[in-house]
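Below, each chain spelled out in residue letters.
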Amino acid sequence: MRLLFIGDIVGRPGRRALKENLPGLLQELDIDFVVANGENAAGGNGITREVARELLASGIDVITMGNHVWDHKEIFDLIEQEKRILRPANYPPGVPGTGFYLGEDGHNRKVAVLNLAGRVFMSELDCPFRKVDQLLSQLGGLTRVILVDFHAEATSEKMAMGWYLAGRVSAVCGTHTHVQTADERILPGGTAYITDVGMTGPRDSVIGVKKELVLNKFLTQLPRRFEVAAGPYQFNAVVIDVDDDSGEAREIRRIQNYE
């Protein structure tokens with residue numbers, strides 16, 4: 001089975017990059033299942049019903065989220081209705097939505113997607129390590145093909161999660177920093193790992209935001225309302241080949257496409 005994981009989609013430029021790159025990749029690479037992080041897809045913050053519909057119609061099978069999941073009020077109803085949109089599973093009990101999805105690819109092979117958020121330099125959610133144990137127990141062996149989106153800031157926390165899940169899941173893909181790392185590898189036990197998949201959004205920016213706004217913030221330390229940058233895009237993703245019987249990853253490759 002061949003999985004495609006797309007790095008954080010940022011605003012309109014990211015959605016345009018998706019529209020112009022995904023159809024060709026699906027065909028050229030013979031992709032079976034697509035996951036994308038969409039927590040910045042609507043104007044750089046959160047997701048709306050219209051944007052979610054656009055992403056799912058483009059060929060994405062599951063949308064994962066992160067710390068911006070609640071930025072639009074409509075998400076509270078949307079995430080209950082659309083089970084293909086996940087929020088980090090380690091939010092406290094009683095929060096709308098779920099961080100776990102069990103579906104099938106086009107060949108009726110089951111695939112599980114888990115969404116977790118880190119706690120270092122981020123909000124103090126429940127422990128992602130203990131939560132993933134609960135999710136894997138809940139999965140109960142229904143599939144060996146398991147992909148984890150770990151939305152976290154600290155590289156150490158992401159690496160720790162990779163080692164914690166080595167041999168237990170097919171892939172641990174880091175998101176959130178919007179900068180693709182060059183440390184993709186197969187961990188012992190057949191778990192594909194990368195610290196951050198990167199960003200699908202405006203290339204000439206500071207992690208998706210207009211350069212001048214971020215520079216002004218650093219120079220003055222005054223609050224600024226950030227806006228998504230315009231201009232040419234970048235498309236960051238990884239392709240993961242997984243043995244669908246054992247769930248072990250055989251290969252992980254980075255994709256960097258530029259307009």
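Whatever comes next refers back to the structure up there.
Residues numbered from 1 in each chain as written. Predicted model: local features only at pLDDT ≥ 70, side-chain atom pairs only at ≥ 80, totals over all residues. Heavy atoms only, no water.

1. Here's the deal with the pairing of strand S13 (residues 249-258)
Bridging between strand S12 (residues 233-242) and S13 involves 9 bridges; their strand directions are antiparallel. Along S13, the bridge assignment pairs Val-242 with Ala-249. (Pairing = 2+ DSSP bridges. Helix = DSSP H or I, 4+ residues; strand = E, 2+ residues; numbered from the N terminus.)

2. Brief notes about the layout of surface pockets
Estimates place the volume of the largest pocket at around 440 Å³. Lining the largest pocket are 22 residues, with His-68, His-178, Ile-207, Val-209 and Phe-226 positioned closest to its centre. (1 Å grid on protein atoms, 1.4 Å probe; cavity = no way out; pocket = protein on both sides within 12 Å on 5 of 7 lines; lining within 4 Å. Points joined across faces, edges and corners; volume = space filled by probe spheres on them.)

3. Here we look at the side chain of Glu-157
Along the polypeptide, Glu-157 turns up in helix H5 (residues 155-165). We note that Glu-157 is buried and unpaired, the nearest opposite charge coming from Arg-119 at a distance of 5.1 Å. Excluding anything up to four places from it in sequence, Glu-157 contacts Gly-118, Arg-119, Val-120, Pro-128, Phe-129, Phe-150 and Ala-152. (Buried < 20%, exposed > 50% of the residue type's maximum accessible area, 1.4 Å probe, protein only. Lys, Arg positive; Asp, Glu negative; His and termini not counted. Salt bridge = Lys/Arg side-chain N within 4 Å of Asp/Glu carboxyl O. Contact = heavy atoms within 4.5 Å.)

4. Section: the sheet that holds strand S8 (residues 171-175)
Ordered in space as S5-S6-S7-S8-S10-S9, the 6 strands form an open sheet in which the pairing is mixed. The sheet terminates laterally at strand S5 (100-104) and strand S9 (185-187), the two strands that pair on one side only. Across this sheet, the average inter-strand angle for adjacent strands is 25 degrees, counted without regard to direction. Pairing geometry for S9 and strand S10 (residues 191-194), over 3 bridges, is antiparallel. By the bridge assignment, Arg-185 is partnered in S10 with Tyr-193. Contacting S5, strand S6 (110-117) and strand S7 (146-151), helix H4 (residues 128-139) crosses the sheet at an angle of about 160 degrees to S6. (Axes fitted to C-alpha atoms, helices over the stretch in contact; angles between N-to-C directions.)

5. What to know about the side chain of Lys-158
In this fold, Lys-158 is placed in helix H5. Side-chain polar atoms of Lys-158 contact the backbone oxygen of Thr-175, separated by 3.0 Å. Residues within four places of Lys-158 in sequence aside, it is in contact with Phe-150, Ala-152, Glu-153, Gly-174, Thr-175, Thr-177, Tyr-193, Thr-195 and Asp-196. (Polar contact = N/O pair within 3.5 Å; in protein donor to acceptor, adjacent residues only side chain to side chain.)

6. Some thoughts on the pattern of salt bridges
Where charged atoms of side chains with opposite charge meet at close range, the side chains can pair. Applying the stated criterion across every chain, the model contains 14 salt bridges. Taking the shortest distance from any N to any O, the salt bridge between Lys-210 and Glu-227 comes out at 2.9 Å. Residue Lys-210 is located in the loop between strand S11 (199-202) and helix H6 (211-220), and its partner Glu-227 is located in the loop between H6 and S12; the two are separated by 17 residues in the primary sequence. Of the residues examined, Lys-210 reaches a relative accessible area of 28% and is grouped as partly exposed. Judged by its relative accessible area of 36%, Glu-227 falls in the partly exposed class. Salt bridges sharing partners connect three or more residues here, namely Asp-32, Asp-105, Arg-109 and Asp-244.

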